Amino acid sequence: MKMTTDKALTRLKIYDILLGMKRAGLDGMTEMELDGMLLHFAPKPGRVAKTGMQWLAKAVAGKKGVREPLRFIYCDGHHAYASDGHRAHRIPAGCFLPGYYCPKMLLPVGNITCGPYPEAWRVFETAAKEPHSKTVLADCETVVAGKQVNYVLSRTGQISANKKYIDDAANGDKETMLLESGGRISGQSEFGEFVVMGLRT
């Protein structure tokens, strides 16, 4: 047990040292090598986000995501966005400069070369304009291709959504008010706004 604790502390210490090197701009390593080491030693995010950027990182597309820009957090100067194409989170930009951010290290990355970030602001604008109603979700599950899928069903029974996406958006707060409109579920967490697209069940 003691060895595990020491190992965890050592990884955090190494991460802090590397982060200090990146901020100080020390020579001896290329930026790509340093970023690779930072990614390796970066602490894993907890189940409940403690910052707005951690909350955004939950909505980023995975490594196998087809659209490369969606694998990053994006800031346009007004808001910071994250989306995997099925859900979107946004927070006020605050002190974050425009550009892309690594969802694991939460640090700026260079320009992404395979296209601009999708116009995520449209999702929020559309959700705000459509008539919506307060909803309560019921937990459901089904089996698709031999795999159990957990989802939630709206009070009207017209919208279902991925349960994990709703849980990530609410960030562990069971009292988060959810709205349903136009085939999507939206709301406000302690950090910012979210929209989760409906599923076909």
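Residues numbered from 1 in each chain as written. Predicted model: local features only at pLDDT ≥ 70, side-chain atom pairs only at ≥ 80, totals over all residues. Heavy atoms only, no water.

J.: Could you clarify how one ought to interpret unusual backbone geometry in this entry?
T.: Negative phi characterises most residues that are not glycine, and trans characterises most peptide bonds. Here Asn 171, not a glycine, exhibits a phi torsion of approximately 55 degrees, which is positive. Note on placement: Asn 171 falls in the loop between α5 (163–170) and β10 (178–181). (Helix = DSSP H or I, 4+ residues; strand = E, 2+ residues; numbered from the N terminus.)

J.: Would you mind showing me how to read the pattern of salt bridges here?
T.: Opposite charge on two side chains lets them pair, provided their charged atoms get close. If you walk through the whole model with that rule in mind, you get 6 salt bridges. Residue Arg 87 is joined to Asp 168 by a salt bridge in which the shortest nitrogen-to-oxygen separation is 3.0 Å. With Arg 87 in strand β3 (residues 87–92) and Asp 168 in helix α5, the pair connects residues that are 81 residues apart, well separated along the chain. Neither Arg 87 nor Asp 168 differs from the other in exposure class; each is buried. Of the charged contacts in the structure, one is a salt bridge between Asp 167 and Lys 163, with a shortest N-O distance of 3.1 Å. Within this pair, Asp 167 and its partner Lys 163 are both found in helix α5, separated by 4 residues, close to a single helical turn. You can call Asp 167 partly exposed: its relative accessible area is 35%. Where salt bridges share partners, they join Asp 84, Arg 87, Lys 164 and Asp 168 into one cluster. (Salt bridge = Lys/Arg side-chain N within 4 Å of Asp/Glu carboxyl O. Buried < 20%, exposed > 50% of the residue type's maximum accessible area, 1.4 Å probe, protein only.)

J.: Can you walk me through the pairing of strand β12 (residues 193–197) in this structure?
T.: Strand residues, when the strand is regular, have side chains that alternate between the two faces of the sheet. Here β3 pairs with β12 via 4 bridges, running antiparallel. What sits directly across from Arg 87, in β12, is Val 196. As paired strands, strand β11 (residues 184–188) and β12 are joined by 5 bridges and run antiparallel to one another. Bridged to Gly 187 within β12 is Phe 194. (Pairing = 2+ DSSP bridges.)

J.: Please explain the sheet that holds strand β2 (residues 79–83) as it appears in this structure.
T.: Working definition: the strands of a sheet are paired by backbone hydrogen bonds and lie parallel or antiparallel to each other. Strand order across the open sheet formed by 9 strands is β5-β4-β1-β2-β3-β12-β11-β10-β6, with antiparallel pairing between neighbours. Edge positions in the sheet fall to β5 (108–109) and β6 (133–135), since each has one partner strand and no second. Where β10 lies against β11, 4 bridges are found, and the strand directions are antiparallel. Counterpart to Glu 180 in the pairing with β11 is Ile 185. Contacts between helix α4 (residues 121–129) and the sheet are confined to β2, β3, β10, β11 and β12, with β12 contributing the most and set at about 90 degrees to the helix. (Contact = heavy atoms within 4.5 Å. Axes fitted to C-alpha atoms, helices over the stretch in contact; angles between N-to-C directions.)

J.: Looking at this model, I keep getting lost on the packing of aromatic side chains. Mind explaining?
T.: Aromatic ring pairs are described here by two measures, namely the spacing of the ring centres and the angle between the planes. Enumeration according to the criterion identifies 7 aromatic pairs in this entry. Aromatic side chains Trp 55 and Phe 191 sit 6.3 Å apart centroid to centroid with 40 degrees between the ring planes, which places their arrangement in the tilted category. With Trp 55 in helix α3 (residues 52–57) and Phe 191 in the loop between β11 and β12, this residue pair connects regions lying 136 residues apart in the sequence. Note on Trp 55: relative accessible area 0%, which makes it buried. Pairing Tyr 74 with Tyr 100 gives two aromatic rings, centres 5.0 Å apart and planes at 50 degrees, and the pair type is tilted. Taken together, the residues span a long stretch of sequence, with Tyr 74 in strand β1 (residues 73–75) and Tyr 100 in strand β4 (residues 99–101) at a distance of 26 residues. In textbook terms, an aromatic cluster arises when at least three aromatic residues are bridged by ring pairs, as seen for Phe 72, Tyr 74, Tyr 100 and Tyr 117. (Phe/Tyr/Trp six-rings, centres within 6.5 Å; stacked < 30°, edge-to-face > 60°.)

J.: Explain α5 here, please?
T.: Spacing of three or four residues puts side chains on the same side of an α-helix, whose turn is 3.6 residues. All of the buried residues along α5 are Tyr 165, Ile 166, Asp 168, Ala 169 and Ala 170. Capping the start of α5, Asn 162 holds a side-chain oxygen 2.9 Å from the backbone nitrogen of Lys 164, two or three residues further along. (Polar contact = N/O pair within 3.5 Å; in protein donor to acceptor, adjacent residues only side chain to side chain.)

J.: Teacher, can you tell me more about the pairing of β11 here?
T.: The buried fraction of β11 amounts to 4 of the 5 residues, a majority that puts the element mostly inside the structure. The antiparallel pairing of β10 with β11 creates a hairpin that spans 2 residues between the two strands, and Gly 182 there sits at a positive phi of about 50 degrees. Here β11 folds back onto β12, and the loop between the two strands holds 4 residues.

J.: Teacher, can you tell me more about the nonpolar core here?
T.: Side chains that are nonpolar tend, in soluble globular proteins, to be buried together. In this structure, Trp 55, Leu 56, Ile 73, Ile 166 and Ile 185 are the most contacted members of the largest nonpolar core, which totals 26 residues. Sorting the residues of this core by element identifies α3, β1, β2, α5 and β12 as the ones contributing at least two each. In terms of residues, this core owes the most to one element, α3, which gives 4 residues. Apart from residues no more than four positions distant in its own chain, Leu 56 is found in contact with Ile 73, Ala 80, Tyr 81, Ala 82, His 89, Arg 90 and Ile 91. Listed in part, the 11 residues of the second largest apolar core include Ala 61, Ala 88, Tyr 100 and Phe 124. (Core = buried A, V, L, I, M, F, W, Y, C linked by side-chain atoms within 4.5 Å.)

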